[in-house]
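Coordinates in review
Here is what each chain is made of, one letter per residue.
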Amino acid sequence: MSIHYAFPEGFWWGSAVSATQIEGAASEGGKGKNIWDYWYEQEPYRFFENIGPEVTSDFYHRYKEDIQLMKEIGLNSFRFSISWSRLIPEGRGDVNPEGVRFYDAVIDELLKNDIEPFVTLFHFDMPLVKQNEGGWENRAVVEAFADYAKTCFQLFGDRVKKWFTFNEPIVPVEGGYLYDFHYPNVVDGRRAIQVAYHTMVAHAKAVEAFRKAEIKDGKIGIVLNLTPSYPRSGHPADQKAAKIADLFFNRSFLDPAVLGEYPAELIEILKAYDHLPQTEEGDAELIRNHTVDLLGVNYYQPRRVKAKDHLPNTEGPFMPEWFFDAYEMPGRKMNPYRGWEIYEKGLYDIMINLRDHYGNIESFVSENGMGVQNEERFMQNGIIQDDYRIEFFKGHLKWLHQAIQEGCRVKGYHVWTFMDNWSWMNAYKNRYGLVSVDLKTQKRTIKKSGEWMKLVTRNNGF
Ligand code: BG6
């Protein structure tokens, strides 16, 4: 097989997951409840086919088998998240020894199989006790998170060298405080902005704790869903709309995390609309002095925007959409199941932007993948023939390769995801795995895309 796209030596081939989406054992092993356990108890009908987070893909019991499959596919790294409420059921205070045992065992099993653990501290799963105290609206929860981070560095920092504070920190802001798809289902621009700001402070405090922990050869990063904003046209009004969307959805976290400060234009808008968050003395310095070493980039879809057709309803809650409308580009390629546009070049554009405006920070693709509904219809002889997923990966990897050729410091590519998992409100609607999971039996079977990935990892390219 000839290799057209060869990747740099030591490239990180892997996959990402999150605790709530794969572990199951939601009320086992001394775990405390998180917001997902609670929301599902309250409103099970809001989850696809009424499936909640109790069992998911049962990684808690099957991690050894799963890690063997990762090894078989040739993956050399794996990003998973620690469940804060499994490790510290009350969110602050006593550490749960069963939780420590579980994460120790997963880390050791990965290392034994030459798979490097990449660990995320927060992937959408606020402990319920902390949410009841106000979640990210409350500074005390920020402090509790910094403590939790410190505990993780102490417990696992001898073996885990790549740490990520947050996965897509803007998503709990959007879901929980603007658009009603995460608990606590608040719709309030002012509170959303406070939550976003406190999340950033929590991030910086965790970075501070990491620096103090002096983990040998350790790196700390954040994982952001960088969705480029493309304007409908060159008209100045469309251009302005795209710029503002970029400020709200990308630069709100990217700039403080990588450059150490918020974009002045974002501050100006919030000031003009009287929506600046409450800050404390020392915050700006904390953020400035605790930027990241490494950036995880999650990429699924672009954002296309245009100038607004109508004036916003300013009696309604303050929304980013006061400044732009979504634009459906004629002829766009869609993943109809997830309702997301597929635009492979977006990944290249993100990386070039990081190269040119963010000091060419070391990065990697920390999630990229395609969720498809009713995948069993593509089953032949027991194996899902997911050629569309292979095409999806290839299309993105070609552009990623191009970015690397042009000097971007991209170190790896992690797919979303290793095996089919529970996708929040969508539960098991769309399947993303390289490996399929039969929900009745929990049987794992490598899909065609997993077989393809074996070749990619073996050849370090395709
Ligand atoms: C990312 C998240 O937003 O996209 C994952 O980090 C998520 O947790 C993934 O599962 C795919 O999105 P969804 O909503 O289809 O599960």
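See the structure printed just above.
In this text, all values refer to a predicted model and were calculated from it rather than measured experimentally.

Within the protein chain, the secondary structure is distributed over 15 helices and 19 strands. Whereas a compact globule of 462 residues would reach a radius of gyration of roughly 23 Å, the protein chain reaches 21 Å, a difference of no more than 12%. Referenced to the eigenvectors of the C-alpha coordinate spread, the extents of the protein chain come out at roughly 60 × 55 × 45 Å. A burial count over the protein chain gives 60% of its 462 residues as buried. Within the protein chain, contacts between residues separated by at least 24 positions form 77% of all contacts whose residues are at least 6 apart in sequence. With the model as given, the accessible surface of the protein chain reaches about 18400 Å², and the carbon-plus-sulfur share is 48%. Of note, the protein chain has its 54 positive side-chain charges centred 3 Å away from the centre of its 65 negative side-chain charges.

Let us look at the packing of helix H14 (residues 387-405) against helix H15 (residues 448-459). Interhelical geometry of H14 versus H15 gives an angle of 35° and a closest axis separation of 8 Å. Judged by the twist between their axes, the crossing of H14 over H15 is right-handed. Across from Asp387, Arg389, Ile390, Phe393, Lys394 and Leu397 in H14, the residues of H15 making contact are Lys448, Ser449, Trp452 and Met453. Looking at the contact of H14 with H15 residue by residue, the classes come out as five nonpolar, one polar and four charged.

Here we have three strands laid out as an open sheet, ordered E6-E8-E9, and mixed in their pairing. Strands with a single pairing partner mark the edges of an open sheet, and in this sheet they are strand E6 (229-231) and strand E9 (325-326). Note: strand E8 (residues 303-306) against E9, two bridges, orientation antiparallel. Bridge pairing links Val305 to Ala326 in E9. Along the sheet, helix H10 (residues 236-259) contacts E6 and E8; its crossing angle with E6, the most-contacted strand, is approximately 170°.

As a further point, take the nonpolar core. Within the largest apolar cluster, 140 residues are counted, with the highest numbers of intra-cluster contacts made by Trp84, Trp136, Phe145, Phe156, Trp163 and Leu295. The dominant element in this core, judged by the number of residues it contributes, is helix H9 (residues 189-213), at 13 residues. Core analysis: the second largest hydrophobic core is formed by six residues, Trp12, Phe118, Val223 and Leu294 among them.

Reported here for the largest pocket is a volume of approximately 1200 Å³. Among the elements of the structure, helix H8 (170-177), H10, E8, E9 and strand E11 (340-341) are those that each provide at least two residues to the lining of the largest pocket. The dominant element in the lining of the largest pocket, judged by the number of residues it contributes, is H8, at three residues. Broken down by class, the residue content of the lining of the largest pocket amounts to 17 nonpolar, 13 polar and eleven charged. A volume near 590 Å³ is recorded for the second largest pocket. Surrounding the second largest pocket, 29 residues form its lining, Tyr197, Tyr262, Leu266, Leu270 and Pro277 being those nearest its centre.

A word on the site of the ligand. Neighbouring the ligand are 14 residues, the closest being Gln21, Glu168, Arg338, Ser423 and Tyr432. Gln21 is positioned such that a nitrogen or oxygen atom in its side chain is 2.7 Å from an oxygen atom of the ligand. In this structure, an oxygen atom belonging to the ligand sits 2.6 Å away from a side-chain N or O atom of Glu168. When the ligand sits alone it has 380 Å² of accessible area, and the protein chains cover 93% of it. In a pocket analysis with a 2 Å cut-off to the grid points, the ligand is assigned to the largest pocket.

About the thresholds
For every chain, the first residue of the written sequence is number 1, and numbering continues from 1 along that sequence. Residue-level local features of this predicted model are given only where pLDDT is at least 70; pairs of side-chain atoms are given and counted only at 80 or more, and the full residue set underlies all totals for whole chains, interfaces and linings. Calculation of side-chain values draws on the structure's entire complement of heavy atoms; hydrogens and water are dropped beforehand. Each helix is a run of DSSP H or I of at least 4 residues and each strand a run of E of at least 2, with the numbering of both proceeding from the N terminus. With the radius of gyration taken over C-alpha atoms, the globule rule is written as 2.2 Å times the number of residues to the power 0.38. Relative accessible area decides the class of each residue, using a 1.4 Å probe on protein chains only: under 20% of the type maximum gives buried, over 50% gives exposed, and in between gives partly exposed. The contact criterion used throughout is that any non-hydrogen atoms of two residues lie within 4.5 Å. Values of accessible area rely on a 1.4 Å probe in the Shrake-Rupley scheme; residue burial ignores everything except the protein chains shown. We score Asp and Glu as negative and Lys and Arg as positive, and we do not count His or the chain ends. A charged residue contributes its charge at one atom only: NZ of Lys, CZ of Arg, CG of Asp or CD of Glu. Between the N-to-C directions of two axes lies an angle of 0 to 180 degrees, each axis being a line fitted to C-alpha atoms and, for a helix, fitted only over the stretch in contact. It is the rotation of the near helix from the far one that decides the hand of a crossing: anticlockwise by less than a right angle makes it left-handed, clockwise makes it right-handed. The residue classification treats Ala, Val, Leu, Ile, Met, Phe, Trp, Tyr, Cys and Pro as nonpolar and Asp, Glu, Lys and Arg as charged. All others, Gly included, are polar. When DSSP finds two or more bridges between two strands, those strands count as paired. Take the buried Ala, Val, Leu, Ile, Met, Phe, Trp, Tyr and Cys residues and link them wherever side-chain atoms come within 4.5 Å; each set so joined is a nonpolar core. The rule is simple: put a 1 Å grid over the protein atoms alone, call a set of points where a 1.4 Å probe fits but cannot get out a cavity, call an open set with protein on both sides within 12 Å along at least five of seven lines a pocket, and count a residue as lining if it has an atom within 4 Å of a point. Grid points are joined across faces, edges and corners, and a volume is the space filled by probe spheres set on the points. Proximity criterion: a residue is near a molecule or strand once any of its heavy atoms comes within 4 Å of it. By the criterion applied in these results, polar contacts are pairs of N or O atoms within 3.5 Å in which, for protein atoms, one can donate a hydrogen and the other can accept it, and in which residues neighboring in sequence qualify only through two side-chain atoms. To decide whether a molecule occupies a pocket or cavity, check its atoms: if more than half lie within 2 Å of the grid points, it is inside.

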